Amino acid sequence: MLKQIMQIDRRIIFILVALAVIIPTLLKVSFPITISEPTRKLYDYIEDLPSGSTVLIAFDYGPSSMAELQPMGTAFLRHCFQKKIRVIGMTLVTEGATLGYETMQEAAKTTGAIDGVDYVYLGFRPGTIQVMLGMGTTINNIFESDYKEKPLAEIPMMEGIKNYDQIDLILDLASSSTTEAWITYINTRYNQKIAAGVTGVIISQMYPYLQTEQLIGLMSGLLGAAEYETLIETPAKATKRMSVQSFVHLLVFGLVILGNVAFFIQKRENENV
Amino acid sequence: MEKLIGVWIAAFLTLCIYSFLYRDNPFYRFAEHLFVGISVGYGIVLSIHQGLIPLAWTPFWQAITQWPPGWGLTKLIPIAIGLLFFARLIPNYAWLIRYPIAILMGIGSGLAIPNVMQADIFRQVHGTLVPFSQIHAGTLSGSEIFGAILMLIGVISTLTYFFFSVEHRGVVGGVSKVGIIFLMIGFGSAFGNTVMGRVSLLIQRVEFLLQDWLHLI
C-alpha cells in the first residue's frame, strides 16, 4: 500500500486536482473571506483620498497572469470610480496594453465612469525604466496621446496633471519585476507612494518593501483580489474563485501529509530490514 | 457569431495545452508554438507602433523635412546612435556597436546603482533597525517587540549562512543553521504562494470552459 502511494502515477493527482476545481465550481460553494492587513491598508488609503484625487494604475501583466490580476484591477477601479477618484491607466508590458484597456472599460461600464473625464488609458510605451523616469518630468513627453490616439492636451482630465507631483498613488499590477522598478526608481527618486497587486509566485519578494513602507499596500494574488472585492462589498470573480481555491489547498495539504507519512514509514521499514 | 468562434478556438487551445498533463503530443506543441508566435508578433507590432514610429521615425522625418532647420535636428543624434546597433551586421564596422552599448551601460548603471542601494539596502537596514528605537521609546506592543527581535535574528542568521569567509563551525555554524531554518520557512511560504498562483490559473480556465463554452454554470 505504502509502495503504491509512493509510486502513484502523477496523472491521478492531476485528475484529483481537476475534480477539486470542477466540483466546487459546479456546486457554487462559497467561503467567507478574511481581510489581511496589507490589502486593508490599500483600501484605507483610497478611502481617505478626497474625491478629485488622481491615481495611476499600471497593468504590467500578460494573459498568463490575468486570472489573478484582472479581478484586482477591476475591484480597485470600481472603488476609485465610486469615490470619484480619477484614474490614469498604462502598461509597461506589451501584452498588457489590451488587457488594461478591457479592464478599465469593464469597470467604467459598471460604475458610469466617463472616458477622458474620470479616467484616461494611455496604453503601452517601450522602455520600462526610461518610461517611468520620463513620466517624472512630463507625462506628455512620453505619452503624447492616449490609447485611442487622442492628444493628451485635448483630454479634460489631464488638465493640470503634468507629472508624479499631481498623482497621489501608483498601483502596479505585476507578474514580474516591474514593482521593484517602480519602488527603486520612482519611490526612491520622487518619494511617490506606491502600492502593488502581484501574483502569488512573486508575493514573497514584496513583503520586505511593505515593512519599510516603500509599499503602502499590497494585494496578494487571487486572495488579495477577493479581499478587495469583500472590502468594497462587491463580491465578484475573485471571491468565487477563492472558494474553489480552498478545496484545492485542502487536497494539496492532504497529499503533502500523505506523501510525507508514507516516505517516513517506508524509510523506517527500510532501516529495520 | 464572432464571439462564439472565439470561445470555441479558446476552448480548443485550452484543451490542447492541458493535454500535456497526459503526455507530450502534437496538439500541445501546436498550441504552444501558436502562443509563442502570436506573443512575439504582437509585441513587435506594438513596439513599432508605440515606440519606433512616435519616438524615432516621426522625429526623424520632422527633422529632415523642417525648413529652416531648427533644434529638431538634435533628435538625429540619439537616432544615429541607436542605428549603430545595426553595425553588427557589417563585419568591417561591427566595432561601432560598442558605442551604443557603452552609453546604455553607463546610463543604466548610473541610474541603477544609487537607487538600488537606497531602495534595497539602506531602506531595508533602516526598516530592520527602526523598531528598536520604538522599543526604546516604549511605543511597541509585546507582539511587535517579538516580531522586531525575530526579524533581526532572521536577518543576521540568514546573512551568516551566506558568509563564506569564515568556516561554518562553532558559533558561526550554529547561527548559520538558524539561518537555514529561516530560509526554509521563506521557501515554504514561496512554494505555498506559487501553488495558489498556479491553481488560480487552472480555476480561471475551468470556469471559462464550464461557463462560456459548455454553459454549465
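Note that this is a predicted model, so its numbers are computed, not measured.

What counts and what doesn't
Residues numbered from 1 in each chain as written. Chains lettered and ligands numbered in written order. Predicted model: local features only at pLDDT ≥ 70, side-chain atom pairs only at ≥ 80, totals over all residues. Heavy atoms only, no water. Helix = DSSP H or I, 4+ residues; strand = E, 2+ residues; numbered from the N terminus. Buried < 20%, exposed > 50% of the residue type's maximum accessible area, 1.4 Å probe, protein only. Contact = heavy atoms within 4.5 Å. Areas by Shrake-Rupley, 256 points an atom, 1.4 Å probe, with all protein chains shown as cover. Lys, Arg positive; Asp, Glu negative; His and termini not counted. Charge placed at Lys NZ, Arg CZ, Asp CG, Glu CD. 1 Å grid on protein atoms, 1.4 Å probe; cavity = no way out; pocket = protein on both sides within 12 Å on 5 of 7 lines; lining within 4 Å. Points joined across faces, edges and corners; volume = space filled by probe spheres on them. Nonpolar A, V, L, I, M, F, W, Y, C, P; charged D, E, K, R; others polar. Polar contact = N/O pair within 3.5 Å; in protein donor to acceptor, adjacent residues only side chain to side chain. Axes fitted to C-alpha atoms, helices over the stretch in contact; angles between N-to-C directions. Parallel < 35°, antiparallel > 145°, perpendicular 65-115°, else oblique. Left-handed = near helix turned anticlockwise from the far one by under 90°. Domains from an automatic or database assignment. Core = buried A, V, L, I, M, F, W, Y, C linked by side-chain atoms within 4.5 Å. Buried area = accessible area lost by both parts, 1.4 Å probe. Salt bridge = Lys/Arg side-chain N within 4 Å of Asp/Glu carboxyl O. Patch = residues over 30% accessible without salt bridge, like charges linked within 9 Å, V, L, I, M, F, W, Y side chains within 5 Å. Pairing = 2+ DSSP bridges. Right-handed = clockwise from strand over helix to strand, strands pointing away. Expected span 1.5 Å × (residues − 1). Bend = angle between axes of the 7 residues up to and from the residue.

1. A short note on the overall build of chain A
Then step 1. Along chain A, the regular secondary structure elements total eleven helices and six strands.
Then step 2. Taken along the three principal axes of its C-alpha coordinates, chain A extends 80 × 40 × 30 Å.
Then step 3. Within chain A, the fraction of its 273 residues that count as buried is 52%.
Then step 4. Here the contacts in chain A between residues at least 6 apart in sequence split such that 73% fall between residues at least 24 apart.
Then step 5. Taken as a whole, chain A presents about 12100 Å² of accessible surface, with 56% of it coming from carbon and sulfur.
Then step 6. Side chains of chain A give 22 positive and 27 negative charges; the mean places of these two sets differ by 6 Å.

2. Some details on empty space enclosed by the protein
To locate leftover empty space, one rolls a probe as large as a water molecule over the atoms.
All names here are of chain A.
Then step 1. Inspection of the entire model under this criterion finds one cavity of 30 Å³ or more.
Then step 2. Size it by volume and the largest cavity reaches roughly 40 Å³.
Then step 3. If you trace the largest cavity, you find it lined by Tyr-101, Gln-105, Asp-115, Tyr-119, Tyr-121, Asp-146, Tyr-147 and Lys-148.
Then step 4. Going through the elements one at a time, helix 5 (96–111) and strand 3 (119–124) are the ones with two or more residues in the lining of the largest cavity.
Then step 5. Partitioned by chemical class, the residues of the lining of the largest cavity number four nonpolar, one polar and three charged.

3. Brief notes about the side chain of Thr184(A)
Then step 1. For Thr184(A), the location among the structural elements is in helix 8 (residues 178–190).
Then step 2. Polar side-chain contacts of Thr184(A) include one of 2.7 Å to the backbone oxygen of Glu180(A).
Then step 3. Apart from the residues lying within four places of it in its own chain, the contact partners of Thr184(A) are Asn115(B), Val116(B) and Ala119(B).

4. Considerations on the packing of helix 3 (residues 37–48) of chain A against helix 10 (residues 221–231) of chain A
All names here are of chain A.
Then step 1. Viewed as axis vectors pointing N to C, helix 3 and helix 10 meet at an angle of 40°, and their least axial separation amounts to 10 Å. Relative to helix 10, the element helix 3 is oriented oblique. Of the two elements, helix 3 crosses helix 10, and the hand of that crossing is right-handed. Where helix 3 abuts helix 10, its residues Thr-39, Arg-40, Leu-42, Tyr-43 and Ile-46 lie against Gly-224, Glu-227, Tyr-228 and Leu-231.
Then step 2. The residue makeup of the contact of helix 3 with helix 10, split by class, is five nonpolar, two polar and two charged.

5. Here we look at the domain arrangement of chain A
Then step 1. As far as domains go, chain A holds domain 1 (2–28 + 244–272) and domain 2 (37–235).
Then step 2. Placing the centre of domain 1 of chain A and that of domain 2 of chain A at their C-alpha centroids yields a distance of 39 Å.

6. Observations regarding the nonpolar core
Residues and elements named next belong to chain A.
Then step 1. Ranked by size, the top nonpolar core spans 44 residues in total, and within it Ile-46, Val-55, Phe-76, Val-87, Leu-169 and Tyr-228 carry the most contacts.
Then step 2. Secondary structure elements with two or more residues in this core: helix 3, strand 1 (54–60), helix 4 (66–82), helix 5, strand 3, strand 4 (169–174), helix 10 and helix 11 (237–272).
Then step 3. For this core, the element with the highest residue contribution is helix 4, accounting for seven residues.
Then step 4. Discounting residues that sit within four places of it in the chain, Val-87 has contacts with Val-55, Ile-57, Leu-77, Cys-80, Phe-81, Met-104, Asp-118, Tyr-119, Val-120 and Met-157.

7. Examining the interface of chain A and chain B
Then step 1. The interface of chain A with chain B comprises 50 residues on the first partner and 41 residues on the second.
Then step 2. When chain A packs against chain B, the two sides together hide about 4000 Å² of surface, and 63% of this comes from carbon and sulfur.
Then step 3. When residues of chain A are sorted by the area they lose upon contact with chain B, Val201(A), Gln211(A) and Arg241(A) head the list and together hold 12% of the total.
Then step 4. Seen at the junction of chain A and chain B, the total is one salt bridge.

8. Re a nonpolar patch on the surface
Residue and element names in this part refer to chain B.
Then step 1. Residues Leu-83, Phe-85, Phe-86, Leu-89, Ile-90, Tyr-93, Trp-95, Tyr-99, Ile-101, Leu-104 and Met-105 make up a contiguous nonpolar surface patch of about 1200 Å² in total accessible area.
Then step 2. Sort the elements by how many residues they give to the nonpolar patch and helix 4 (residues 98–137) lands first, with four residues.
Then step 3. Mapped onto the secondary structure, Phe-85 falls in the loop between helix 3 (76–83) and helix 4.

9. A short note on the pairing of strand 5 (residues 194–198) of chain A
All names here are of chain A.
Then step 1. Of all five residues in strand 5, five are buried; the element is thus mostly enclosed.
Then step 2. Side chains Ile-194, Ala-196 and Val-198 project from strand 5 onto one buried face, and the interleaved Ala-195 and Gly-197 project onto a second face that is buried too.
Then step 3. In this structure, strand 4 lies alongside strand 5, joined through five bridges in parallel fashion. From the neighbouring strand, Asp-172 faces strand 5, where its bridge partner is Ala-196.
Then step 4. Where the polypeptide runs from strand 4 across helix 8 and back to strand 5, its parallel neighbour, the crossover connection is right-handed.
Then step 5. Where strand 5 lies against strand 6 (residues 218–220), three bridges are found, and the strand directions are parallel. Counterpart to Val-198 in the pairing with strand 6 is Ser-220.

10. Some thoughts on the pairing of strand 2 (residues 86–91) of chain A
Residues and elements named next belong to chain A.
Then step 1. Strand 2 sits mainly inside the fold: five of its six residues count as buried.
Then step 2. As paired strands, strand 1 and strand 2 are joined by five bridges and run parallel to one another. Bridge pairing in strand 2 places Thr-54 opposite Arg-86.
Then step 3. In this fold, strand 1 hands off to helix 4, which returns the chain to strand 2; that crossover is right-handed.
Then step 4. Bridge count between strand 2 and strand 3: four bridges; the pairing is parallel. Residue pairing across strands places Ile-88 opposite Val-120, the latter belonging to strand 3.
Then step 5. With helix 5 bridging strand 2 and the parallel strand 3, this β-α-β connection has right-handed handedness.

11. Structural notes on helix 4 of chain B
Then step 1. Its 40 residues give helix 4 of chain B an end-to-end C-alpha distance of 56 Å, which sits within 8% of 58 Å, the value for a rise of 1.5 Å per residue.
Then step 2. The largest bend in helix 4 of chain B comes to about 35°, at Gln118(B).
Then step 3. Where helix 4 of chain B is buried, its residues touch helix 8 and helix 9 (207–211) of chain A together with helix 3 and helix 5 (142–161) of chain B.
Then step 4. In the segment just after helix 4 of chain B, Gly138(B) is the residue with positive phi, at about 75°.

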